[in-house]
Amino acid sequence: MNTVVIIGGGASGIMAALTAAEDRENRVLLLERQQRIGRKLLATGNGRCNLTNTGASAEHYHGENPDFVRPALSRFPPEETLAFFHALGLLTVTEYGGRVYPLSNSANSVLDVLRFALDRAGVEQRTACPVRAISREDGGFGIQTDEGRLFAGKLVVACGGAAGGKLGGVTDGYELMKTLGHRRTGLYPALAPIYTDPEYPRALKGVRSQAALRLCRGGTTLGESEGELQFVEQGVSGPAVFELARAAAAEREGLALHVRFLPAGTDALALLRQRRACFPEQEAGELFTGMLHNRLGRMLVRYSGLNGSRAIGSLTDDELRRAAAACGDFVLPVRGTAGFDSAQVTAGGIRTEGVNPETLESRFVPGLFLCGELLDVDGDCGGYNLQWAWASGRLAGRLGR
Ligand SMILES: Cc1cc2nc3c(=O)[nH]c(=O)nc-3n(C[C@H](O)[C@H](O)[C@H](O)COP(=O)(O)OP(=O)(O)OC[C@H]3O[C@@H](n4cnc5c(N)ncnc54)[C@H](O)[C@@H]3O)c2cc1C
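In this text the structure is predicted, and so the values were computed from the model without any measurement. The residue count restarts for each chain, going from 1 along the sequence in the order it is written. Two thresholds apply to this predicted model, a pLDDT of at least 70 for residue-level local features and 80 or more for giving and counting side-chain atom pairs, whereas whole-chain, interface and lining totals are computed over all residues. Only hydrogens and water are set aside when side-chain values are computed; all heavy atoms of the structure are taken into account.

1. Comments concerning the site of the ligand
Argument step 1. Any residue with a non-hydrogen atom lying within 4 Å of a molecule or strand is treated as near it. Around the ligand sit 35 residues in total, of which S12, E32, D172, E373 and L386 are the nearest.
Argument step 2. With respect to the ligand, the side chain of E32 contributes an N or O atom lying 2.6 Å from an oxygen atom.
Argument step 3. Contacts described as polar in this section are N or O atom pairs within 3.5 Å, which, within protein, must combine one atom able to donate a hydrogen with one able to accept it, while residues neighboring in sequence count only if both atoms come from side chains. At 2.7 Å from an oxygen atom of the ligand is found a main-chain nitrogen or oxygen belonging to L386.
Argument step 4. Protein chains bury 95% of the 1000 Å² of accessible surface belonging to the ligand in isolation. Only the protein chains shown count as covering a residue, and every accessible area follows the Shrake-Rupley method with a 1.4 Å probe.

2. Considerations on the packing of helix α4 (residues 78–87) against helix α12 (residues 384–397)
Argument step 1. The axes are straight lines fitted to the C-alpha atoms, using for helices just the contacting stretch, and the angles between their N-to-C directions are given from 0 to 180°. Secondary structure is summarised from DSSP: a helix means a run of H or I of at least four residues, a strand means a run of E of at least two, and numbering begins at the N terminus for each. Orientation of α4 relative to α12, taken along the N-to-C sense of each, is 80 degrees, at an axis distance of 10 Å. The orientation of α4 with respect to α12, classified from their angle, is roughly perpendicular. Side by side, α4 and α12 meet where P78, T81, F84 and F85 of the first sit next to Q387, W390 and R394 of the second.
Argument step 2. Three residue categories are used. Nonpolar comprises Ala, Val, Leu, Ile, Met, Phe, Trp, Tyr, Cys and Pro, charged comprises Asp, Glu, Lys and Arg, and polar comprises the others, including Gly. Residues belonging to the contact of α4 with α12 are distributed by class as follows: four nonpolar, two polar and one charged. What sets the label is the angle itself: under 35 degrees gives roughly parallel, over 145 gives roughly antiparallel, 65 to 115 gives roughly perpendicular, and the rest give oblique. The contact rule is simple, with two residues in contact once any of their heavy atoms fall within 4.5 Å.

3. Here we look at the layout of surface pockets
It is a probe the size of a water molecule, rolled over the atoms, that shows where empty space is left.
Argument step 1. Here the second largest pocket is characterised by a volume of approximately 160 Å³.
Argument step 2. Along the wall of the second largest pocket there are 13 residues; nearest its centre are H62, E243, R246, A247 and D380.
Argument step 3. Of all elements in the fold, only β15 (220–232), α8 (239–251) and β21 (378–379) reach the threshold of two or more residues within the lining of the second largest pocket.
Argument step 4. The greatest single-element share of the lining of the second largest pocket, amounting to five residues, is contributed by α8.
Argument step 5. In terms of residue class, the lining of the second largest pocket is made up of six nonpolar, three polar and four charged. Within this scheme a cavity is a closed region of a 1 Å grid, computed over the protein atoms alone, that accommodates a 1.4 Å probe without allowing it to escape, whereas a pocket is open but has protein on both sides within 12 Å along at least five of seven lines; lining residues each have an atom within 4 Å of a point. Grid points are joined across faces, edges and corners, and a volume is the space filled by probe spheres set on the points.

4. Some details on the side chain of T346
Argument step 1. Locating T346 in the fold gives a position in strand β19 (residues 345–347).
Argument step 2. On the accessibility criterion, T346 (0% relative accessible area) is buried.
Argument step 3. Separated by 2.9 Å, the side chain of T346 and the backbone nitrogen of A162 make a polar contact.
Argument step 4. Looking at T346, its side chain comes within polar contact range of the main-chain nitrogen of A163, at 3.1 Å.
Argument step 5. The contacts of T346, once residues within four sequence positions are left out, are G161, A162, A163, Y174, L187, Y188, F340, E373, V377 and D378. Throughout, exposure labels follow a simple rule: accessible area from a 1.4 Å probe, protein chains only, divided by the maximum for the residue type, with under 20% read as buried, over 50% as exposed, and the rest as partly exposed.

5. Some words on the nonpolar core
Argument step 1. Residues I134, M177 and W390 are the most contacted members of the largest nonpolar core, which totals 79 residues.
Argument step 2. Contacts of W390, omitting those with residues within four sequence positions, involve A11, M15, L41, L51, F76, T81, F85 and L114.
Argument step 3. Y200, L255, L262 and A324 belong to the second-largest nonpolar core, a separate cluster that totals 47 residues. Each nonpolar core is a collection of buried residues, namely Ala, Val, Leu, Ile, Met, Phe, Trp, Tyr and Cys, held together in the definition by side-chain atoms within 4.5 Å.

6. Some thoughts on the packing of helix α9 (residues 268–278) against helix α11 (residues 317–328)
Argument step 1. Running from N to C, α9 and α11 cross one another at 130 degrees; their axes reach a closest spacing of 9 Å. Between α9 and α11, the crossing angle belongs to the class labelled oblique. Handedness of the crossing formed by α9 with α11: right-handed. Packed against α9, whose contacting residues are A268, L269, L272, R273 and R276, the element α11 presents D317, L320, R321, A323, A324 and C327 at the interface.
Argument step 2. Along the lines of polarity and charge, the residues of the contact of α9 with α11 split into seven nonpolar, no polar and four charged. Take the far helix as your reference; a near helix turned counterclockwise from it by less than a right angle gives a left-handed crossing, and one turned clockwise gives a right-handed crossing.

7. A word on the side chain of T52
Argument step 1. Tracing the sequence through the fold places T52 in strand β3 (residues 52–53).
Argument step 2. Residue T52 is classed as buried on the basis of its relative accessible area of 0%.
Argument step 3. Only 2.7 Å separates the side chain of T52 from the side chain of Q387, close enough to count as a polar contact.
Argument step 4. Those residues in contact with T52, other than ones at most four positions away along the chain, are P78, T81, L82, G98, R99, V100, G382, G383 and Q387.

8. Observations concerning the packing of aromatic side chains
Here a ring pair, both rings aromatic, is described through the centre-centre distance and the interplanar angle of the planes.
Argument step 1. Note on ring pairs: Phe, Tyr and Trp rings are taken, using the six-membered ring of Trp, and paired if centres are within 6.5 Å. Classes follow the plane angle, with under 30 degrees stacked, over 60 edge-to-face and the rest tilted. This model, assessed by the stated rule, comprises ten aromatic pairs.
Argument step 2. Here the aromatic rings of Y200 and F330 are separated by 5.8 Å at their centres, their planes lie at 75 degrees, and the arrangement is edge-to-face. Within this pair, whereas Y200 is found in helix α7 (residues 199–203), its partner F330 is found in strand β18 (residues 330–337), the two being separated by 130 residues in sequence. You'll find Y200 and F330 in the same group, each marked buried.
Argument step 3. Ring plane angle 45 degrees and centroid distance 5.7 Å describe the contact between F261 and F330, whose orientation is recorded as tilted. Here the residue F261 occupies a position in the loop between β17 (255–260) and α9, and F330 occupies one in strand β18, the gap between them amounting to 69 residues.
Argument step 4. By way of ring pairs, the aromatic residues Y200, F231, F261, Y303 and F330 are connected into one cluster.
Argument step 5. Positioned above the aromatic ring of F116, the side-chain terminus of R115 is 5.6 Å from the ring centre. Whether a charge sits over a ring depends on NZ of Lys or CZ of Arg being within 6 Å of the ring centre and within 35 degrees of the ring normal.

9. Concerning the environment of L375
Argument step 1. Secondary-structure assignment places L375 in the loop between β20 (368–370) and β21.
Argument step 2. Taking the C-alpha atoms as reference points, L375 and S392, separated by 17 residues in sequence, lie 9.8 Å from one another.
Argument step 3. Beyond its immediate sequence surroundings of up to four residues, L375 is in contact with F68, G348, G349, I350, V355, L370 and W388.

10. Regarding α8
Because an α-helix packs 3.6 residues into every turn, residues spaced three or four apart end up facing the same way.
Argument step 1. One axis is fitted to the seven residues ending at the residue and one to the seven starting there. The bend at that residue is the angle between these axes. Bending of α8 peaks at approximately 40 degrees at the position of A245.
Argument step 2. Taken together, the buried positions of α8 are occupied by A240, V241, F242, L244, A245, A248 and A249.
Argument step 3. Positioned one or two residues after α8, R252 has a phi angle of 65 degrees, which is positive.

11. Brief notes about the pairing of strand β14 (residues 208–217)
Argument step 1. Two strands form a pair only when DSSP identifies at least two bridges running between them. When β14 meets β15, the two strands line up antiparallel, connected through ten bridges. Paired with S209 across the bridge in β15 is L229.
Argument step 2. Hairpin connection, β14 to β15: the antiparallel pair is bridged by two residues, and G218 has positive phi, about 55 degrees.
Argument step 3. By the bridge criterion, six bridges tie β14 to β17 in an arrangement that is antiparallel. From the neighbouring strand, R217 faces β17, where its bridge partner is L255.

Okay, here's the thing in structure tokens:
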């Protein structure tokens, strides 16, 4: 029997363990520092678990070498992920943008089918078992835990990244890999809320809107996205914002977020003129009523410098133009991004140049495999990160076969 140890009972570690256990010559041991495996998985997709994206191709991933993901993804593309989970008994639905969720709408279902599969495959699980150190030994690795020392012939490190701190995101993996000669890039919170000047967001806390966003420095656009935006105490959150957090975290100074609240091509000025003609007696504070969330509409009136208690009929063309401009280009000065605790994924990680993309085996230490968010790979919002966790876990768990 070959003893294979997997460090980290998250998405990629569970997949690596199941794959390694397909070879009956392997005794597979899954070590997890938290009280239970898959804790982060339960929180994904707002508790619904957006487990993959049908359009997950290499273009949706970032890192120093974005091509690094290609071999793993081509061997285990989203169709394989779906086939894998369907074979475990999970029913899924595909929603807008190719986002796949369990039909039950519950992340628990995803973890449950994985847990049962681990049991069936005979994977030994040790929870509340943080790995403290790894050393190279003759024919394998010495693994130091609080319960004692273990030996592994082959080792998969799947410790995840620093994001989602409250759910167990830690930097252990980077530290453990450093002792084996692997280096990491800088780390940034990605898929995180963006902090802005809080004046308007604070007043709008909890309001959601569809929006088109541009992250700009001066006249240069650094990133664009479209989708749901949510106002929070210190700025903005939601899927459309998450898309831009990576750029906002890396750039920091002198950034502004430009928000368009109406669909492209909408002639806002014509709509507002029509309102002036139809509802002249109504207060200007209600100018956007029926078009936008009422709190957002009133805030845009204030942002345009208009007195909300005036009658709409008294507004000049110039004033309507200002209001129309506000809903087409509402500007929030950026102050930074939320930290790792509120981020869904870590941008950056273990440098991929030290890892063979065809096998995910370390180029420095034979028999050592790395997978998941620990590596310098982060995906877009929409199921891409879990797809990477499954695909890379699958490849690492093959142990070079
Ligand atoms: C709130 C939130 C929502 C998200 N929603 C989605 C989504 O809907 N779709 C999507 O694609 N992605 C989503 N993500 C991202 C996705 O969850 C991660 O990219 C993915 O879980 C990474 O898998 P992983 O196995 O690499 O790491 P993790 O899932 O973080 O697992 C790593 C495991 O290793 C353990 N560990 C760490 N150090 C040690 C040690 N020293 N010894 C033993 N064990 C250790 C950790 O406790 C953890 O359980 C979300 C993330 C968060 C935080």
